[in-house]
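In case you want the letters, here they are:
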Amino acid sequence: MYMPEHFSEQRIDILHALIQSYPLATLVTHAEDGLNANHIPFLISPPTAAAPYGLLRGHVARNNPIWQSAANGGEALLIFQGEQAYISPRWYEEKKRSGEVVPTYNYAVVHAYGTLQLVEDETRFLALLTDLSNHFESTMPQPWKISDAPTDYISRIMELIVGIEIPIQRITGKWKTSQNKTSQDRMNIANGLREQNASNTVAMASVMENQLFT
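The following refers to the structure shown.

Cut-off values and rules
- Residues numbered from 1 in each chain as written.
- Predicted model: local features only at pLDDT ≥ 70, side-chain atom pairs only at ≥ 80, totals over all residues.
- Heavy atoms only, no water.
- Helix = DSSP H or I, 4+ residues; strand = E, 2+ residues; numbered from the N terminus.
- Buried < 20%, exposed > 50% of the residue type's maximum accessible area, 1.4 Å probe, protein only.
- Salt bridge = Lys/Arg side-chain N within 4 Å of Asp/Glu carboxyl O.

This brings us to unusual backbone geometry. Unusually for a residue other than glycine, Ser-178 sits at a positive phi of about 65 degrees. Examined against the element boundaries, Ser-178 turns out to sit in the loop between β9 (161–176) and α5 (183–196). Here the phi dihedral of Asn-197 falls at roughly 60 degrees; this positive angle occurs in a residue that is not glycine. Its location among the elements puts Asn-197 in the loop between α5 and α6 (199–213). Note on Asn-197: relative accessible area 63%, which makes it exposed.

In structure tokens, the structure reads:
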């Protein structure tokens, strides 16, 4: 990934926080017929000796051939897209002076790399599914639990899916949030984004404000 130094974000806690907030990854692997991309939600676990930058856990349909990539041991790329918004040139101070301004697009993204591993032990697989459902149900007023479903039904479902883990061996983040602009321009941009009052523009405004005032 092209990475100007002022856009680089390498702090593990910040990278993990984006993954936690935007858990749907684009998982890119190399198949016999070329690159293959799948979209899969993942949980992120803290770093360990075996996973120096954290462990990603999820599952895929057994009919999805991506899990067979574990056999070839090839490296996978996971892309987690965070906040993003269009930036209008009308927010730059230079527009008033010379008009020499153009649009751009701001975004935050994490790229994680590792080798896909299968979760073949049934107890560990059930624990993975339990963790996934508990995590995503945690904001519900009456969270659904795996134990709410009949045991034989869950067993049948588990036969149709495959648990996967990816120990992260490399990870990098890119926060393209107008760091190459003046503080005044960045404040103008954040204010302009808030005025648009869309979920993505307000989210990007918050990112920029946090960078400016912390």
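From this point, things continue past the structure.
Our focus in this paragraph is the pattern of salt bridges. Pairing between side chains of opposite charge can happen when the charged atoms of each approach one another. In this structure the tally under the stated criterion is nine salt bridges. One salt bridge in this structure joins Arg-97 and Glu-94, with 3.0 Å as the shortest N-O distance. In this pair, Arg-97 and Glu-94 are both assigned in helix α2 (residues 94–97), three residues apart and thus about one turn of the helix distant. Using a relative accessible area of 59% as the deciding quantity, one classes Arg-97 as exposed. Put simply, Arg-156 and Asp-152 hold a salt bridge, and the shortest N to O gap is 3.6 Å. A residue pair is termed a helical-turn pair when its members lie 3 or 4 positions apart in one helix, as Arg-156 and Asp-152 do in helix α4 (residues 151–159) at four residues. With a relative accessible area of 46%, Arg-156 lands in the partly exposed category. Taking relative accessible area as the criterion, Asp-152 reaches 47% and is therefore assigned partly exposed.

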